[in-house]
Amino acid sequence: MSAYAIEIRVTPRRGLLDPQGKAIQHALDSLGFAGVGEVRAGKLLVIELEADSPDEAAARATRMCEKLLANPVTEDFAIEVGRDAAQPEAAT
């Protein structure tokens, strides 16, 4: 079993009211950042998850989102499975 770094991005569904995103959009405009279009504000969850494979880790993360981490009526989610979390990062 390996530990995988999972990133889950949860965002409001398009077409639904996003008051936080709208407030950010207006604030950016008032600060002089012209040309900013629609802003969608969500949340990023980073989870270390033990699994036998990246596919199993993704499947388990999907079930987590469906049961707790994302509201299926108002939010969408995207999952990215990173490399084995136990492996040291390569030097750059």
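First, a word on what this report is: a plain description of the structure on this page.

Rules used in this analysis
- Residues numbered from 1 in each chain as written.
- Predicted model: local features only at pLDDT ≥ 70, side-chain atom pairs only at ≥ 80, totals over all residues.
- Heavy atoms only, no water.
- Pairing = 2+ DSSP bridges.
- Helix = DSSP H or I, 4+ residues; strand = E, 2+ residues; numbered from the N terminus.
- Axes fitted to C-alpha atoms, helices over the stretch in contact; angles between N-to-C directions.
- Contact = heavy atoms within 4.5 Å.
- Patch = residues over 30% accessible without salt bridge, like charges linked within 9 Å, V, L, I, M, F, W, Y side chains within 5 Å.
- Areas by Shrake-Rupley, 256 points an atom, 1.4 Å probe, with all protein chains shown as cover.
- Salt bridge = Lys/Arg side-chain N within 4 Å of Asp/Glu carboxyl O.
- Buried < 20%, exposed > 50% of the residue type's maximum accessible area, 1.4 Å probe, protein only.
- Core = buried A, V, L, I, M, F, W, Y, C linked by side-chain atoms within 4.5 Å.
- Expected span 1.5 Å × (residues − 1).
- Arc of directions from axis to C-beta.

Our next topic: the sheet that holds strand 3 (residues 75-84). Pairing within the open sheet is antiparallel, and its three strands lie in the order 2-1-3. The open sheet has two edge strands, strand 2 (43-51) and strand 3, and neither has a second partner. Geometrically, the sheet is characterised by an average inter-axis angle of 25° between neighbouring strands, direction not taken into account. By the bridge criterion, eight bridges tie strand 1 (residues 2-12) to strand 3 in an arrangement that is antiparallel. By the bridge assignment, Ile 8 is partnered in strand 3 with Ile 79. In this fold helix 2 (residues 54-69) packs onto strand 1, strand 2 and strand 3, with an angle of close to 130° to the strand it touches most, strand 2.

What follows concerns a nonpolar patch on the surface. Where nonpolar side chains cluster on the molecular surface, the patch consists of Leu 31, Phe 33 and Val 36 and spans about 300 Å² of accessible area. Within the secondary structure, Val 36 is located in the loop between helix 1 (19-30) and strand 2. For Val 36, a relative accessible area of 33% corresponds to the partly exposed category.

Glancing now at the nonpolar core. Considering soluble globular proteins, one finds that nonpolar side chains tend to be buried as a cluster. Of all hydrophobic cores here, the largest spans eleven residues; its members are Tyr 4, Ile 6, Ile 8, Val 10, Leu 49, Ala 51, Ala 57, Ala 61, Cys 65, Leu 69 and Ala 70. For Leu 49, the contacting residues outside a window of four places in its chain are Ser 2, Ala 3, Tyr 4, Ile 6, Ala 57, Arg 60, Ala 61 and Met 64.

With twelve residues, helix 1 should cover 16 Å at 1.5 Å per step; its first-to-last C-alpha distance of 16 Å lies within 8% of that length. Immediately beyond the C-terminal end of helix 1, within one or two residues, lies Gly 32, with a positive phi of roughly 95°.

Under the 1.5 Å per step criterion, the end-to-end length of helix 2 is only 19 Å for 16 residues, more than 12% shorter than the ideal 22 Å. Within helix 2 the residues assigned to the buried category are Ala 57, Ala 61, Cys 65 and Leu 69. Viewed end-on, helix 2 has its buried residues packed into an arc of 80°, placing them on one side of the element. Across from the buried face of helix 2, at angles greater than 90 degrees, the exposed residues are Asp 55, Glu 66 and Lys 67. The secondary structure elements touched by the buried residues of helix 2 are strand 1, strand 2 and strand 3.

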